[in-house]
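Observations on chain architecture
Listed below, chain by chain, are the residues.
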Amino acid sequence: MKGIQKKMWTLILYVFYVVTLVSCNGAPSSQSAAMVARLQDIAKSTDPLKNTYLSGRRVTALQQEPEPTDPVKQIIFRIQLAKEYLQAGNNEEAIRLFEEAIIRAPSYGVQTRPTLKEYLALSYLRLGEQQNCVEKHNSQSCLFPINGQGVHVIRDGSKNAVDLYKELFNDSPDNLSFRWLLNIACMVSGQYPDGVPEDALIPESLFLNDETFPRFKYQAQFLGVDELGLAGGVAVDDFNNDGLLDIITTSWALDGPIRYYRNVGKAGFIEESKLAGLEGIVGGLNLRHVDYNNDGNMDIFILRGGWFGEQGRHPNSLLKNLGGGRFVDVTEQAGLLSLHPTQTACWADFNNDGYLDVFIGNESIIARPSSFVGDRSGIASQHACELFINQGDGTFVDKAVDSGVGIKAFVKGVTWGDYNNDGLMDIYVSILRGANILFQNQGSDSLGIPRFIDVAEKAGVTDPYYSFPTWFWDYDNDGLEDIFVAGYYADSGDIAAEFLSIKHDAEAPRLFRNKGDGTFEDIAVHIGLDRILYAMGCNYGDLDNDGFLDFYVGTGDPDFRLLIPNRMFKNVSGVFNEVTTSGDFGHLQKGHGVAFADFDNDGDQDIYAVMGGAYSGDVAANVMFENPGNELNWIKLNLRGKRSNRAGVGARIKIDLGDRSIYSRVNIGASFGGNPYRSEIGLGAEDRIKSLQIQWPSGIQQEFYNVPTKKLYVIEEEGDLLVEPLTTWLR
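Definitions and limits used
- Residue numbers here run from 1 along each chain, matching the order of that chain's written sequence.
- Since the coordinates come from a predicted model, pLDDT governs what is reported: local features require at least 70, and pairs of side-chain atoms require 80 or more to be given and counted, while whole-chain, interface and lining totals use all residues.
- By convention in this description, side-chain values take in all heavy atoms of the structure and omit both hydrogens and water.
- What counts as a domain boundary in this text is fixed by an automatic or database domain assignment.
- Summary of the burial criterion: residues with accessible area below 20% of their type's maximum are buried, those above 50% are exposed, and those between are partly exposed, where the area comes from a 1.4 Å probe applied to protein chains only.
- Secondary structure elements follow DSSP: runs of H or I of four or more residues count as helices, runs of E of two or more count as strands, with numbering from the N terminus.
- In this description, the arc belongs to the directions extending from the helix axis to the C-beta atoms.
- Patches in this entry comprise residues that are over 30% relatively accessible and not in a salt bridge; like charges within 9 Å are linked, as are nonpolar side chains (Val, Leu, Ile, Met, Phe, Trp, Tyr) within 5 Å.
- Per-residue and other accessible areas follow the Shrake-Rupley method at a 1.4 Å probe size, with only the shown protein chains counted as cover for residues.
- Salt bridges, as used here, are contacts in which a Lys or Arg side-chain nitrogen is within 4 Å of a carboxyl oxygen on Asp or Glu.
- Any two strands with at least two DSSP bridges between them are considered paired.
- All axes are obtained by fitting lines to C-alpha atoms, using only the stretch in contact for helices, and the reported angles, taken between N-to-C directions, cover 0 to 180 degrees.
- Here is the rule: rings of Phe, Tyr and Trp (six-membered ring for Trp) pair when centre to centre is within 6.5 Å. Planes less than 30 degrees apart are stacked, more than 60 are edge-to-face, and the remainder are tilted.
- Should an angle lie under 35 degrees it is considered roughly parallel, over 145 roughly antiparallel, and from 65 to 115 roughly perpendicular; all remaining angles are considered oblique.
- The hand of a helix crossing depends on one turn: near helix anticlockwise from the far one by less than a right angle means left-handed, and clockwise means right-handed.
- Throughout, a residue-residue contact means that at least one pair of heavy atoms, one from each residue, lies within 4.5 Å.
- Three classes are used, and their members are as follows: Ala, Val, Leu, Ile, Met, Phe, Trp, Tyr, Cys and Pro are nonpolar, Asp, Glu, Lys and Arg are charged, and the others, Gly among them, are polar.
- Buried residues of nine kinds, namely Ala, Val, Leu, Ile, Met, Phe, Trp, Tyr and Cys, make up a nonpolar core once their side-chain atoms join them within 4.5 Å.

By domain assignment, the protein separates into domain 1 (66–136 + 145–206) and domain 2 (633–723). The centre of domain 1, based on its C-alpha atoms, is set 51 Å off from the matching centre of domain 2.

As structure tokens, this is what we get:
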């Protein structure tokens, strides 16, 4: 009965909203037509045989080719077709062709790496995932360690996978990847732990966390946000200014739609992408949200072409919010049209003129930096990073070369912060297979062009060599911003090795603690982060309102064998304890854009994450984990800049609780995530703030005293501290 009532209320609210919006604002603008046409042309003209990730189209292309008559060439051709079937999600055909090849290939000396038996085992495991985790998805699907409703109902695929992985493990008992996948296959088929050979078993006790933590509720399918798709980004904010946090997601598929989920309170979310003017605006591995024109409406910047090499000469998109959550593409008019592969950018006021600028980290290839680059043409790819300076009239000019940041590297993450507290925003650049860069902001010249110098080596922050997502944060509340950067080199055998306390070769993360003298010290090992964080998507927030920032990483890579749990770490006064299994966060599917946000305005942060892989068949459902709540206090702040940018981006917040201070900065978090600009700050047990200090990007400082907690405040630059009503879900 409750489900019927919810659907009725959702329908009534939706009809009312549509009628009101259309009557007030008229039909959606056709201004986005040029970008829509450009994206359609890219999708149609891209050659799938030059892009390894377009698996479905590669299958079609191979099927149109004449099959070789020579037996050896025919076997090789069919094996290639089987691989494409696997990656396209047609697992039954992949299984048929791999089984045929296993019979025929030995007679002709045809070998593959991985072996045909490995491919067959993986195909059966993927079949089980597809038939259960995807097609019969439930609240326990893919949550590691797998048990309860997460166990497959249709078990033919996973049982066959178990048999094959047992054979593979028996042949190579030291292969930790086989051991890991055997344990996973036994879990999903209901045979763990008893069905795992004793010498292959990884005991469940090794997966459990010492730190207790409340279990978060999986709510995506009940709230209407369990979108099924590939890798993508997320942006969370109040896009229609109704006091509730909405969700926008992207998909890196060339025809992958942008989804806009409007928060309607207790009824959940309503998908309004078409009404929002987003129809035809497709693709994008990541996105950033920003009020670039200071009109009080949150806009969107979509990033495209990442991992595609020269095949990734795709345009980014700046979508202007016309109000009410209706968008129009203004990329070309704004001067932001360029064709470079990227998936990372950061918006900040780098010259402190009151308008937000954008630094874009593009991907250059001299020697292939990773086997994951989809472009198979072998062409060197040179794409300098860009720094677009906001002119204050809705347009931008690229000043990367003049500013000293026009580097060429395979950039996978960019983030900003003020590590030396001089009021100027610095930039950290994470490079895959290269030395990372810390650009110190030297201030702007008379033309408003900021100048940067690379101080990474001097500061001690060039590692890791293999790195991906990154962020600035003050994890220990000492008033100095630290840098986190995740390693990006591992395989499934490495994660098994970690659980078994065996030495492994995975790239470790770095947590660079700011020493306050312009240098940093990597202390990851000393504070509980000597873990394999094979991270793509990520973000941070305060899940238990204790005033210390926790973080969540989405793990994996395009390889189907990389089934490793996404991981959550709780910050306990500057030391990190893993709570992945105790809080039920260990999703096995590949994790991308992550957001921490209080969607139901009940005072605690929930988690939304975009799931799914790179190959066209590697789809997964997005997840939302609802916070069960706690008794600690909190405060929420919406800043409204006057001299500074409208959203107060870059403002530094200091909360004095008497016996300790908490520091925060207005931003959206990590390089591959999208928290709201509304600051949501945990305060511990304190029920009153001794002093609340805001340092604006303009240099203006404000301080408020004896501030009550558990409220949302609006702070206008040079204005008062005003209470703003919170629209809570009464569910």
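Here the narrative resumes.
Time to look at helix 3 (residues 55–63). Residues of helix 3 that are buried include every one of Ser-55, Arg-58, Val-59, Ala-61 and Leu-62, and no others. Taken around the axis of helix 3, the buried residues stretch over an arc of 165 degrees, which confines them to a single face.

There is a patch of nonpolar side chains on the surface, built from Val-72, Ile-76 and Tyr-108 and spanning about 250 Å² of accessible area. As for its placement among the helices and strands, Val-72 is situated in helix 4 (residues 71–88).

Across the sheet, 4 strands lie side by side as 33-32-35-36; this open sheet has antiparallel pairing. Pairing within the sheet leaves two strands with one partner each, and these edge strands are strand 33 (661–665) and strand 36 (701–708). The sheet shows a mean angle of 20 degrees between the axes of neighbouring strands, direction not considered. Pairing between strand 32 (residues 652–656) and strand 35 (residues 688–695): 5 bridges, direction antiparallel. Note that in strand 35 the partner of Lys-654 across the bridge is Gln-693.

Attention now moves to the packing of aromatic side chains. Under the criterion given, the structure shown has 49 aromatic pairs. Where Phe-207 meets Phe-499, the ring centres are 4.9 Å apart and the plane angle is 80 degrees; that geometry is what we call edge-to-face. Separated by 292 residues along the polypeptide, Phe-207 in the loop between helix 8 (176–188) and strand 1 (217–218) and Phe-499 in helix 13 (residues 492–499) bring together distant segments of the chain. Summarising the burial analysis for this pair, Phe-207 and Phe-499 share the class buried. Centre to centre, the rings of Phe-484 and Phe-551 are 5.2 Å apart; their planes meet at 45 degrees, and the pair counts as tilted. Of this pair, Phe-484 sits in strand 20 (residues 482–487) while Phe-551 sits in strand 24 (residues 550–555); the two residues are 67 residues apart in sequence, bridging distant segments of the chain. Among the residues examined, Phe-551 registers a relative accessible area of 0% and is labelled buried. One aromatic cluster is present, built from ring pairs that chain together Trp-471, Trp-473, Tyr-475, Phe-484, Tyr-540, Phe-551, Phe-569 and Phe-576.

A separate point is the environment of Glu-198. The topology assignment puts Glu-198 in the loop between helix 8 and strand 1. The spatial distance from the C-alpha of Glu-198 to the C-alpha of Phe-388 is 59 Å, given a sequence separation of 190 residues.

Let us now look at the sheet that holds strand 7 (residues 286–290). The strand order across the open sheet formed by 4 strands is 7-8-9-10, and the pairing between neighbours is antiparallel. The sheet terminates laterally at strand 7 and strand 10 (327–329), the two strands that pair on one side only. Strand-to-strand twist of the sheet, defined as the mean angle between neighbouring strand axes without regard to direction, takes the value 25 degrees. The pairing of strand 9 (residues 317–321) with strand 10 spans 3 bridges and is classified as antiparallel. Paired with Leu-319 across the bridge in strand 10 is Asp-329.

This paragraph deals with the packing of helix 4 against helix 5 (residues 91–104). At a minimum axis distance of 8 Å, the contact between helix 4 and helix 5 shows a crossing angle of 150 degrees. With respect to helix 5, the element helix 4 is oriented roughly antiparallel. The crossing of helix 4 and helix 5 is left-handed. Within the contact between the two elements, helix 4 uses Pro-71, Gln-74, Ile-75, Arg-78, Ile-79, Leu-81, Ala-82, Lys-83, Tyr-85 and Leu-86 and helix 5 uses Asn-91, Glu-93, Ala-94, Leu-97, Phe-98, Glu-100, Ala-101 and Arg-104. Here the residues of the contact of helix 4 with helix 5 are counted per class, giving 11 nonpolar, 2 polar and 5 charged.

With that settled, the discussion passes to the pairing of strand 16 (residues 426–431). For strand 16, the buried fraction is high: 6 of the 6 residues fall into the buried class. The alternating pattern of strand 16 places Asp-426, Tyr-428 and Ser-430 on one face and Ile-427, Val-429 and Ile-431 on the opposite face, and all of these are buried. As judged from the 6 bridges shared by strand 15 (residues 411–417) and strand 16, these two strands associate in the antiparallel manner. Along strand 16, the bridge assignment pairs Val-414 with Val-429. In terms of strand pairing, strand 16 meets strand 17 (residues 437–444) through 3 bridges, oriented antiparallel. In the sheet register, Tyr-428 faces strand 17, and the bridge partner there is Leu-438. Here strand 16 folds back onto strand 17, and the loop between the two strands holds 5 residues, one of which, Arg-433, carries a positive phi near 65 degrees.

Counting 105 residues, the largest nonpolar core has Tyr-165, Trp-180, Trp-307 and Phe-551 as its most contacted members. For this core, the element with the most residues is helix 8, which contributes 10 residues. Ignoring sequence-local partners within four residues, the contact set of Trp-180 consists of Phe-144, Ile-202, Phe-207, Ser-492, Ile-495, Ala-496, Phe-499, Leu-563, Ile-564 and Pro-565. Counting 79 residues, the second-largest nonpolar core is a separate cluster that includes Phe-239, Leu-278, Ile-360 and Val-414.

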